[in-house]
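Here are the chains, one letter per residue:
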Amino acid sequence: MKTIGPTATVFNHSYAPDASKRPAKIPPTFRKIVIVGGGTAGWMTAMIFADAFLRKGIEIFVLESPAVGIIGVGEGSTPWLRGFFDKLGIEESEWMPECNATYKCGITFDGWSTRPGYTSYFHPFASMLDNLTMTQFVHNAQARLNGADVCALPNRFFIAARLAEKHMAPRPERTFPFDVWYGYHFDAVLLGQYLHKKAVERGVVYKPCHVEHVQLDGNGDIASIRTKEGETIAADFFVDCTGFAGLLLQKALGTPFVSFSENLFNDSAVAMPTPIGDDIPSQTISVAMKHGWKWIIPLTSRYGNGYVYSSAFCSPDEAEKELRASLGMLDDPAPARHLKMRVGRVTKHWNRNCLAVGLAQGFIEPLEATALLFIQRTAQAFVDFVEAGDVGEAAKERYNARINEHFEGTRDYIVTHYKTNSRTDTDYWRACSANGNLSDSLKELYSIWLSGHSIAQPVAEQRIGKGYPVASWYSIMAGMGCFPPRLRKPTAAEAHYDVDEIDNLLERSSMNFRPQKDVVKRIPPKAKEKSLQIYFW
Ligand SMILES: Cc1cc2nc3c(=O)[nH]c(=O)nc-3n(C[C@H](O)[C@H](O)[C@H](O)COP(=O)(O)OP(=O)(O)OC[C@H]3O[C@@H](n4cnc5c(N)ncnc54)[C@H](O)[C@@H]3O)c2cc1C
């Protein structure tokens, strides 16, 4: 294994179920669990709970209102979704075709920065292969930060960027010894239907009914819920997956909500699909618009497109017109969907005998497609606590602190996209760069960067920039071109790495991959026993 210096920490990820975590003395207060809500959050939670709890005799119900639809957006993921399916023993060749899913190498950010040479950059999912080029990337970014004219665009250093550029799926040939890190794009409605089917097959009980009232017992816990259909349903534990409505945790238990609107201005979105041809890209593209940004997500069946914007700067009509114009659909009669977003989080995700998962617990705008990861982590961490028999008040505090930290870390990374923008064309972009509502952690990270010092060590140790690895922090700061405007000739040490050589290496590696359009037609079986070890720094 190649070593890359004292700041490196190794991130070993295993997809295999962790047998050591199965002692499980389930507390007697968890015999019947009712999940309210049948969106992605409800069904992902049901699957994670089914895997952990059904065999221990715990009953799991999912209730869904026939009158209230699911949000029906949310088409991109992080690589962690792969762990979700692997842990449940579900093959890509089964779920991906049913959800019109494609592979995702990362995200290109177009037009967020106006700095020459940095008007478009790629945020990769870093892989083991990148161990060969990460040192060079960080070295060059650091040299440029200190004024040397060397290349520091992340696109030039990561295999994921090369694959995305060539519309390749990040699934290497069987003979290639390394696995790579990738996420997915999928149809959110089809994914919900697929998970529903699987959860019911595995023993979860589905009940279509509209919850009208939540009854509390004398201690203030949830005793039961009453439905419009006239039934009263009692349980030991309730999971609130009712989306932005937050019926159980927020409305019935009065759990406070902390808004992130001071840091993140976007509160609305408008979405519309467009046709996709034969060629299928393998990345999400995020294009800066006048008052926000547009996502372009390739599925096997269509493109999903949407404009996320701030209603303080732009009306829904203006946003729809701008989106349509950008898609060449100004006169097209196809309808667009308008959505409101409530950005922030609850103070306690687990409060009394209720857990909130998904939009009911909070939401950070979809710029890095992190919402499904929140769902997965919230549900899995809850299982871990219960299996450890750790369900008292102190445990809840630790649990809530952990989930809150995840929200704050993700928020800081998203805020950085806006804070570092250099556009001056609208009040929106000027307000984003002028925004001074930054966490202490973010202020420290920016101050280290601006002083020309390395952020690698404090990020690797997760003292600042929590939740994102060094590769991501360098990608965003370098990708946005946050460097001195005047550059000088590099010293021999600064110019040590030859970017053309790295280009050749990436090109040779990319020969082991095939076009996305071919791979998604016939998804290969899971890669077994390839090394996934990557540096997290
Ligand atoms: C514009 C936008 C883009 C997004 N993009 C991404 C992305 O790229 N990647 C990503 O990971 N996430 C994304 N998300 C987030 C993602 O869509 C959600 O996190 C995910 O779909 C989970 O939603 P949910 O299940 O919490 O809520 P919902 O889908 O809203 O489901 C709520 C459920 O509650 C039920 N319900 C409501 N009231 C009652 C009642 N009274 N009785 C019974 N049942 C009730 C409804 O019937 C429904 O089944 C995006 C979100 C938005 C707004």
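J.: Whenever I open this one, the overall build of the protein chain confuses me. Can you help?
T.: Each helix and strand in the protein chain was counted, giving 16 helices and 23 strands. Taken over C-alpha atoms, the radius of gyration comes to 23 Å for the protein chain, in line with the 24 Å a tight globule of 537 residues would show. By its C-alpha atoms, the protein chain is 75 × 50 × 45 Å across when sized along the principal axes. The long-range share in the protein chain, meaning contacts at least 24 apart out of those at least 6 apart in sequence, stands at 78%. In the structure as shown, the protein chain presents an accessible area of about 21600 Å², 53% of it carried by carbon and sulfur atoms. A distance of 2 Å separates the average location of the 58 positive side-chain charges in the protein chain from that of its 58 negative side-chain charges.

J.: What's the story with the pattern of salt bridges in this structure? I'm lost.
T.: Any two side chains of opposite charge can pair, so long as their charged atoms come close to each other. Within this structure, the stated rule accounts for 31 salt bridges. Ionic pairing is found between Asp503 and Arg156, a salt bridge with its closest N-O pair at 3.3 Å. Here the residue Asp503 occupies a position in helix H15 (residues 499-510), and Arg156 occupies one in the loop between helix H4 (134-145) and helix H5 (159-165), the gap between them amounting to 347 residues. Across the pair Arg430 and Asp427 runs a salt bridge whose closest N-O atoms are separated by 2.5 Å. Residue Arg430 and its partner Asp427 are located together in helix H11 (residues 427-434), separated by three residues, close to a single helical turn. Relative accessible area serves as the criterion here: at 37%, Arg430 is assigned to the partly exposed category. Linked through salt bridges whose partners overlap, the residues forming this network are Arg156, Arg162, Lys166, Asp503 and Glu507.

J.: It is not clear to me how the site of the ligand should be interpreted in this structure. Could you clarify?
T.: What surrounds the ligand is a group of 34 residues, the closest being Gly38, Val68, Val73, Gly76 and Val211. Measuring from an oxygen atom of the ligand, one finds a backbone N or O atom of Gly39 at 3.4 Å. Burial of the ligand by the surrounding chains reaches 96%, relative to a free accessible area of 1000 Å². Sorting the residues of the shell around the ligand by element identifies helix H1 (40-53) and helix H9 (371-387) as the ones contributing at least two each.

J.: Would you mind showing me how to read helix H14 (residues 470-479) here?
T.: In an α-helix, one full turn covers 3.6 residues, which means residues spaced three or four apart are oriented alike. Among the ten residues that make up H14, ten are buried, leaving the element largely enclosed by the rest of the structure. Val470, Ala471, Ser472, Trp473, Tyr474, Ser475, Ile476, Met477, Ala478 and Gly479 are the residues of H14 that are buried. Taken together, the buried residues of H14 touch strand S6 (120-124), H4, helix H10 (393-419), helix H12 (440-450) and helix H13 (456-460). In the stretch just after H14, Gly481 is the one whose phi turns positive, near 75°.

J.: Would you take a moment to explain unusual backbone geometry for this structure?
T.: With the exception of glycine, the majority of residues adopt a negative phi angle, and the majority of peptide bonds are in the trans configuration. One non-glycine residue, Arg352, adopts positive backbone phi at about 55°. Among the structural elements, Arg352 can be located in the loop between strand S20 (350-351) and strand S21 (354-356).

J.: Which parts of the structure should I look at to understand the confidence of the model for the protein chain?
T.: Keep in mind that low pLDDT regions are not for reading the predicted coordinates in detail. In the predicted model, the protein chain carries a mean pLDDT of 93, and 93% of its residues have values of at least 70. Throughout residues 1-20 the model reports pLDDT below 50, and contacts reaching past four residues in sequence, or to other chains, amount to 40 contacts.

J.: Even after reading the chapter, I still don't get the sheet that holds strand S17 (residues 303-309), so can you show me in this structure?
T.: Whenever strands of a sheet pair, they do so through backbone hydrogen bonds, lying parallel or antiparallel. The sheet built from seven strands is open, its strands ordered S6-S5-S15-S16-S17-S14-S18 with mixed pairing. Single-partner strands in this sheet number two, and they are S6 and strand S18 (337-340). On average, adjacent strands in this sheet sit at an angle of 20° to one another, irrespective of strand direction. Two elements, strand S5 (residues 106-110) and S6, share five bridges in a ladder whose sense is antiparallel.

J.: Would you mind showing me how to read the environment of Pro525 here?
T.: Inspection of the secondary structure assignment puts Pro525 in the loop between helix H16 (516-519) and strand S23 (534-535). Residues Pro525 and Arg174, 351 residues apart in the sequence, show an inter-C-alpha distance of 9.7 Å. Once residues lying within four places of it in the same chain are set aside, the contact partners of Pro525 are Glu91, Arg171 and Arg174.

J.: Any chance you could explain the environment of Met477 here in plain terms?
T.: By secondary structure assignment, the location of Met477 is in helix H14. On the basis of relative accessibility, which here comes to 3%, the residue Met477 falls in the buried class. Setting aside chain neighbours within four positions, we find Met477 in contact with Thr416, Thr420, Tyr446, Trp449 and Cys482.

J.: Is there a simple way to think about H1 in this case?
T.: Its 14 residues place the ends of H1 19 Å apart at the C-alpha level, agreeing with the 20 Å of an ideal helix rising 1.5 Å per residue. Counted residue by residue, H1 has 13 buried out of 14 residues, so it is predominantly covered.

J.: Before we go on, may I ask you to explain the sheet that holds strand S9 (residues 211-216) in this structure?
T.: Spatially, S9-S10-S11 is the arrangement adopted by the three strands of the open sheet, whose pairing is antiparallel. The two strands at the open ends of the sheet, each matched to only one other strand, are S9 and strand S11 (232-234). Across the sheet, the mean angle separating the axes of adjacent strands is 25° when strand polarity is ignored. Pairing of strand S10 (residues 222-227) with S11 involves three bridges; the strand directions are antiparallel. Paired with Ile225 across the two strands is Ile233, which belongs to S11.

J.: Just to check I follow, could you spell out the nonpolar core for this structure?
T.: Across soluble globular proteins, nonpolar side chains have a tendency to be buried as a group. By size, the foremost hydrophobic cluster in this structure holds 136 residues, and its most contacted members are Phe49, Phe53, Trp95 and Tyr418. At ten residues, the largest contribution of residues to this core is made by H1. In this structure, Val34, Phe61, Leu248 and Val346 belong to the second largest nonpolar core, which totals 19 residues.

The rules behind each value
- Residues numbered from 1 in each chain as written.
- Predicted model: local features only at pLDDT ≥ 70, side-chain atom pairs only at ≥ 80, totals over all residues.
- Heavy atoms only, no water.
- Helix = DSSP H or I, 4+ residues; strand = E, 2+ residues; numbered from the N terminus.
- Rg over C-alpha atoms; globule rule 2.2 N^0.38 Å.
- Contact = heavy atoms within 4.5 Å.
- Areas by Shrake-Rupley, 256 points an atom, 1.4 Å probe, with all protein chains shown as cover.
- Lys, Arg positive; Asp, Glu negative; His and termini not counted.
- Charge placed at Lys NZ, Arg CZ, Asp CG, Glu CD.
- Salt bridge = Lys/Arg side-chain N within 4 Å of Asp/Glu carboxyl O.
- Buried < 20%, exposed > 50% of the residue type's maximum accessible area, 1.4 Å probe, protein only.
- Near = heavy atom within 4 Å.
- Polar contact = N/O pair within 3.5 Å; in protein donor to acceptor, adjacent residues only side chain to side chain.
- pLDDT = per-residue confidence, 0-100.
- Pairing = 2+ DSSP bridges.
- Axes fitted to C-alpha atoms, helices over the stretch in contact; angles between N-to-C directions.
- Expected span 1.5 Å × (residues − 1).
- Core = buried A, V, L, I, M, F, W, Y, C linked by side-chain atoms within 4.5 Å.

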